[in-house]
Amino acid sequence: MKLEIDQQRLNSEIETLAAFSDAEPPAVTRIVFTPMDLKARAWVISRCEEAGLTMRQDAIGNIFARWSGADPSAPAVGTGSHIDAIPNAGKYDGVVGVLGGLEATRVLQRSGFRPRNSIELLVFATEEPTRFGIGCLGSRLLSGTLSAEAAAKLKDRDGESVDEVRRKAGFNGNLQEVKLPKGYYKAFVELHIEQGPLLERAQISLGIVKSIAAPASLRISIEGAGGHAGGVLMPDRKDALCAAADLILAIENAARSSGAADTVATVGVCDVFPGAVNSIPSRVGMTLDIRDTDLARRDGAMQTIERASHNIEVERHVSIHSEILNADAPADCAPEVRAALSDSCREHEFPFLEIMSRAYHDSLFVSRIAPTGMLFIPCRSGYSHRPDEYAAPEDIARGALVLAESLAKLSA
Ligand code: GLV
Ligand code: MN
Ligand code: MN
């Protein structure tokens, strides 16, 4: 079977999808269930329909595009990723796995291959945590990792619940029904940019993921006391932002001193109240994103942060409250999916690196219910979640080719 990826078409589809954005190019902002996200989803659905795929959407907005196999009742072989994008993002995160997965399906169709198991392209809803504070809502729900009740209650920054937001976007089904039946997928493979520099540094174009790191995120609120920036004397202050500054540095230190470079911690949101130049901050809301390839080490760093937080409360006379939004375990990729990917690389004599995913992906949750693997391609300087994220068209095409062959092997 000789497969010819249509690199030009794939590249032009990536460019078209990037234009569905609430930010000025080259930045992409596409927050889930905004009018822009809904337009982008409709465009992706039209591309899938053009390929003759059978479409279905569930109650959280996961999109399933199925190419029926010779045995339609057999478990499907899945692929896919997400198209929602954080504020000021790039064009490739998630998109390469969705449009690359679509092209992988089309190239198999063009070749005359007929799968035994159906091949299904999945566009996961709400992979990014921007709107609801927790990432991968679609894959958490379909894998049963998060209950429908807990998901429905999550709120966005405007206080609107997942349930209200999804219904306004036209998804009125029963959230309980998002969970997939046991044995739905025979295997699942996600193509993604690496979001790190290792492939580029090694000058190797493909990475076969061994395991996916364990992410956790917390919402932290600090309550101090406000007042007049001129009137309140320094010894009398309970400045919530100064306490936040101490805590942010303690978080950085906990990650740096864990003993391994794999521990990473980030405070990416810091809301200051009342936010006036001449008013002492009385309240700060911030987020913590902390990850590691080793669960015990990540949890150890979280405990160190908790101790630091108690000390700051005492020293600065503030109260600090943290709520864990998610604390997920890592996942190992399945040997059979890794073998399908590496066999395809070897057949083409494509060198590959066996690699860890430090970013999380919907595959982390799909791996709870199906043998799952991931294929990485390089991105320039390892940049991601920024507008200058870039993946070369030939790397994307090579990734789509290996993906297509792996889907063929897994579905034959
Ligand atoms: C996914 O976008 C992540 O933050 O790892
Ligand atoms: Mn992302
Ligand atoms: Mn992604």
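Scoring rules and cut-offs
- Residues numbered from 1 in each chain as written.
- Chains lettered and ligands numbered in written order.
- Predicted model: local features only at pLDDT ≥ 70, side-chain atom pairs only at ≥ 80, totals over all residues.
- Heavy atoms only, no water.
- Helix = DSSP H or I, 4+ residues; strand = E, 2+ residues; numbered from the N terminus.
- Buried < 20%, exposed > 50% of the residue type's maximum accessible area, 1.4 Å probe, protein only.
- Contact = heavy atoms within 4.5 Å.
- Lys, Arg positive; Asp, Glu negative; His and termini not counted.
- Charge placed at Lys NZ, Arg CZ, Asp CG, Glu CD.
- Near = heavy atom within 4 Å.
- Polar contact = N/O pair within 3.5 Å; in protein donor to acceptor, adjacent residues only side chain to side chain.
- Areas by Shrake-Rupley, 256 points an atom, 1.4 Å probe, with all protein chains shown as cover.
- Nonpolar A, V, L, I, M, F, W, Y, C, P; charged D, E, K, R; others polar.
- Core = buried A, V, L, I, M, F, W, Y, C linked by side-chain atoms within 4.5 Å.
- Donors = N, O, S within 2.8 Å, 3.2 Å for Na, K, Ca; no water.
- Axes fitted to C-alpha atoms, helices over the stretch in contact; angles between N-to-C directions.
- Parallel < 35°, antiparallel > 145°, perpendicular 65-115°, else oblique.
- Left-handed = near helix turned anticlockwise from the far one by under 90°.
- Phe/Tyr/Trp six-rings, centres within 6.5 Å; stacked < 30°, edge-to-face > 60°.
- Pairing = 2+ DSSP bridges.

**Q** Explanation requested: the overall build of the chain in the structure shown.
**A** Helix and strand content of the chain: twelve helices and 18 strands. Expressed along its principal axes, the backbone C-alpha trace of the chain runs to roughly 80 × 45 × 40 Å. Among the 412 residues that make up the chain, the fraction classed as buried is 54%. Restricting to contacts in the chain with at least 6 residues of sequence separation, those with at least 24 account for 78%. Side-chain charges of the chain comprise 44 positive and 55 negative groups, with the mean position of each set lying 2 Å from the other.

**Q** What am I meant to see in the site of ligand 1 here?
**A** The full set of residues close to ligand 1 is E127, E128, R291, A359, Y360 and H385. At 2.9 Å, a backbone N or O of Y360 approaches an oxygen atom of ligand 1. At 3.4 Å, a side-chain N or O of H385 approaches an oxygen atom of ligand 1. Bound to the protein, ligand 1 loses 93% of the 190 Å² it would expose on its own. For the shell around ligand 1, the class distribution of residues is two nonpolar, one polar and three charged.

**Q** What is the right way to read the nonpolar core from this model?
**A** For soluble globular proteins, the rule of thumb is that nonpolar side chains tend to be buried together. Within the largest apolar cluster, 58 residues are counted, with the highest numbers of intra-cluster contacts made by L17 and L108. Broken down by element, this core gets its largest block of residues, ten residues, from helix α12 (residues 393-411). Discounting chain neighbours no more than four positions away, the residues touching L17 are R30, A40, W43, V44, I83, V95 and L99. Within the second largest apolar cluster, 30 residues are counted, among which are L146, L154, V165 and Y185.

**Q** Looking at this structure, I do not really get the coordination of the manganese ion (ligand 2). What am I missing?
**A** The textbook angles at a metal center are 109.5 degrees for a tetrahedron of four donors and 90 or 180 degrees for an octahedron of six. Within the protein, D93 (OD), E128 (OE) and H385 (NE2) serve as the donor atoms for the manganese ion (ligand 2), at 2.0 to 2.1 Å. Read N to C, the donor residues that coordinate the manganese ion (ligand 2) are spaced as D-x34-E-x256-H. Between the manganese ion (ligand 2) and the manganese ion (ligand 3), a spacing of 3.7 Å is present, and a bridge between the two is formed by D93. Placement of the pair is D93 in the loop between β5 (85-89) and α3 (95-111) and H385 in the loop between β18 (372-377) and α12, with a sequence separation of 292 residues. Using a relative accessible area of 9% as the deciding quantity, one classes D93 as buried. When its relative accessible area of 38% is taken as the criterion, H385 is described as partly exposed.

**Q** Looking at this model, I keep getting lost on the packing of helix α8 (residues 240-256) against helix α9 (residues 295-316). Mind explaining?
**A** Between two packed helices, both the angle of their axes relative to each other and the distance between the axes serve to describe the pair. In contact at an axis separation of 9 Å, α8 and α9 are set at 155° when each is read in the N-to-C sense. On the basis of the axis angle, α8 is roughly antiparallel to α9. For the pair α8 and α9, the crossing hand works out as right-handed. The segment α8 lies against α9, with C242, A243, D246, L247, A250, I251 and A254 engaging A301, T304, I305, A308, S309, I312 and R316. Considered class by class, the residues forming the contact of α8 with α9 number ten nonpolar, two polar and two charged.

**Q** Quick question: what am I supposed to make of the packing of aromatic side chains here?
**A** The relative placement of two aromatic rings is captured by the distance of their centres and the angle of their planes. Per the counting criterion, the structure on display carries eight aromatic pairs. For the pair F33 and F171, a centre-to-centre distance of 5.6 Å together with 40° between the ring planes defines the contact as tilted. In this pair, F33 sits in the loop between β1 (28-30) and α2 (35-50) while F171 sits in the loop between α6 (162-168) and β7 (185-193), placing the two residues 138 residues apart along the sequence. You can call F33 buried: its relative accessible area is 7%. Exposure remark for F171: the relative accessible area of 9% places this residue in the buried category. With a centroid separation of 4.7 Å and an interplanar angle of 85°, the aromatic rings of Y184 and Y185 are classed as edge-to-face.

**Q** Help me understand the side chain of S342, please; the structure alone is not making it clear to me.
**A** Within the secondary structure layout, S342 lies in helix α10 (residues 335-348). Of the polar contacts made by the side chain of S342, one reaches the backbone oxygen of A339; its length is 3.3 Å. Aside from chain neighbours lying at most four places away, what touches S342 is I208 and F352.

**Q** Can you walk me through the coordination of the manganese ion (ligand 3) in this structure?
**A** Summarising the metal site, the manganese ion (ligand 3) is bound by the protein donors H82 (NE2), D93 (OD) and H192 (NE2), whose distances to it range over 2.0 to 2.3 Å. Of note, the manganese ion (ligand 3) draws all its donor residues from one chain, in the sequence arrangement H-x10-D-x98-H.

**Q** Sorry if this is basic, but what is going on with the packing of α3 against α12 here?
**A** Axis separation between α3 and α12 bottoms out at 8 Å; the angle between their running directions is 55°. Here α12 runs oblique to α3, going by the angle between their axes. The two elements α3 and α12 cross, and the hand of that crossing is right-handed. Across the interface between the two elements, V96, G100, G101, A104, V107 and L108 of α3 pack against I396, A400, L403, A404, L407 and A408 of α12. For the contact of α3 with α12, the residue count by class is ten nonpolar, two polar and no charged.

**Q** Hey, could you run me through the pairing of strand β3 (residues 63-67) in this one?
**A** Two faces, one strand: in a regular strand the side chains alternate between the faces of the sheet. With five of its five residues buried, β3 lies for the most part within the structure. Of the two faces of β3, the one holding I63, A65 and W67 and the one holding F64 and R66 are both buried throughout. Two strands pair when backbone bridges link them, and strand β2 (residues 54-57) and β3 are joined in this way by four bridges, in the antiparallel orientation. Within the sheet, the bridge partner assigned to T54 lies in β3 and is R66. Pairing analysis gives five bridges linking β3 to strand β6 (residues 119-124), with the strands arranged antiparallel. Counterpart to W67 in the pairing with β6 is I119.

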